[in-house]
Amino acid sequence: MEQTLVIIKPSGLERALTGQIISRFQSKGLIISGLKMMQLDEKILREHYAHLVDKPFFPSLLASMMASPVIVMALKGVDAVAVVRAMTGATNGRKAAPGTIRGDFSMSGQENIIHASDSPENAQIELNRFFRAGEIFDYKPANIGFVYSPDERNQ
Ligand code: TYD
C-alpha cells in the first residue's frame, strides 16, 4: 500500500481543527502509520518548499509555517496519495470544493490548514524528511477486511 505525508499546519492546530482532520482521514479508512508534533525551522521549510523559495510570498509562508508547532502524519492506504490530495482540496481555501478539508475550514491561500504530498515520489521524499527510522509503524488494523476487498488489500 502507498504512504503519504500530511502536515497539520499552524492554521489547523491554532484553530483547534486537529481532531476533526485526523477523524476525517480515519473515517475514510486510511491507516495512521506515523504521528507526531514538531516545530519546523527555516532549514526544513526551505527544503520542503524549495519550489517556492523565489516567490514573493515565501517569507510570509515561512512565518506562517513556524507560527506554532505542527502535527505530521504518515497515512497508509491503496492510492493514499491521490485520495488524501482529493480530501485536501485546492490550494486556495476560497476556491477549494466544499467537502474538502480546505474547502470546509479555510478562507485563505496561505492559512490553508494542511499540507499533503502531491505524488508518490514526493511522498517518499517528504516522509523521509519529517520522520526518522522507527517513527513509522507497519501494522494491520483488525478491521482491514471491512475497508478493502481481498484483492485490494494486497495492492
Ligand atoms: P503549493 O505547493 O503550490 O500548493 P499545495 O499546498 O496545494 O500543494 O504551495 C505550497 C504552499 O504555499 C500552499 O499550501 C500555501 C503557500 N502558498 C501561498 O502562501 N501563496 C500562494 O500564492 C501559493 C500558490 C502558495
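All of these numbers come straight from a predicted model, not from anything done at the bench. (Residues numbered from 1 in each chain as written. Predicted model: local features only at pLDDT ≥ 70, side-chain atom pairs only at ≥ 80, totals over all residues. Heavy atoms only, no water.)

So, about the pattern of salt bridges. Going through the model one piece at a time under the given rule, you end up with seven salt bridges. Ionic pairing is found between Lys76 and Asp138, a salt bridge with its closest N-O pair at 2.8 Å. Taken as a pair, Lys76 in strand β3 (residues 70-77) and Asp138 in the loop between α7 (120-130) and α8 (144-147) lie far apart in primary sequence, 62 residues in all. The class of Lys76 is buried, set by a relative accessible area of 12%. You can call Asp138 exposed: its relative accessible area is 72%. Among the salt bridges present, the one from Arg132 reaches Glu135, with a minimum N-O distance of 3.8 Å. Each member of the salt-bridge network shares a partner with another, and the members are Lys36, Arg132 and Glu135. (Salt bridge = Lys/Arg side-chain N within 4 Å of Asp/Glu carboxyl O. Helix = DSSP H or I, 4+ residues; strand = E, 2+ residues; numbered from the N terminus. Buried < 20%, exposed > 50% of the residue type's maximum accessible area, 1.4 Å probe, protein only.)

Right, let's get into the pairing of β3. On a regular strand, each side chain points to the face opposite its neighbour's, so the side chains alternate between the two faces of the sheet. Summarising burial for β3: eight of the eight residues are buried, a large majority. Neither face of β3 is open: one carries Val70, Val72, Ala74 and Lys76, the other Ile71, Met73, Leu75 and Gly77, and all of them are buried.

The next subject is the layout of surface pockets. Roughly 460 Å³ of internal volume is contained in the largest pocket. Along its surface, the largest pocket is lined by 21 residues, and Tyr49, His51, Leu52, Thr91 and His115 are the ones closest to its centre. Of all the secondary structure elements, the ones that give two or more residues to the lining of the largest pocket are α3 (42-48), β4 (114-116) and α7. Take the lining of the largest pocket: its biggest share by element is four residues, from α7. Considering only residue class, the lining of the largest pocket consists of six nonpolar, eight polar and seven charged. (1 Å grid on protein atoms, 1.4 Å probe; cavity = no way out; pocket = protein on both sides within 12 Å on 5 of 7 lines; lining within 4 Å. Points joined across faces, edges and corners; volume = space filled by probe spheres on them. Nonpolar A, V, L, I, M, F, W, Y, C, P; charged D, E, K, R; others polar.)

Further remarks concern the environment of Ile101. In this structure, Ile101 sits in helix α6 (residues 101-105). For Ile101, a relative accessible area of 0% gives the class buried. Along the backbone, Ile101 and Gly89 are twelve residues apart, and their C-alpha atoms lie at a distance of 6.5 Å.

In this section: the environment of Met37. As for its placement among the helices and strands, Met37 is situated in strand β2 (residues 31-38). Accessibility expressed as a relative area gives 52% for Met37, which makes it exposed. Each C-alpha atom, one on Met37 and one on Ile8, is 9.3 Å from the other, the two residues being 29 residues apart in sequence. Aside from chain neighbours lying at most four places away, what touches Met37 is Leu13, Pro69, Val70 and Ile71. (Contact = heavy atoms within 4.5 Å.)

Take it as geometry only, folks, not as evidence of what the structure does.
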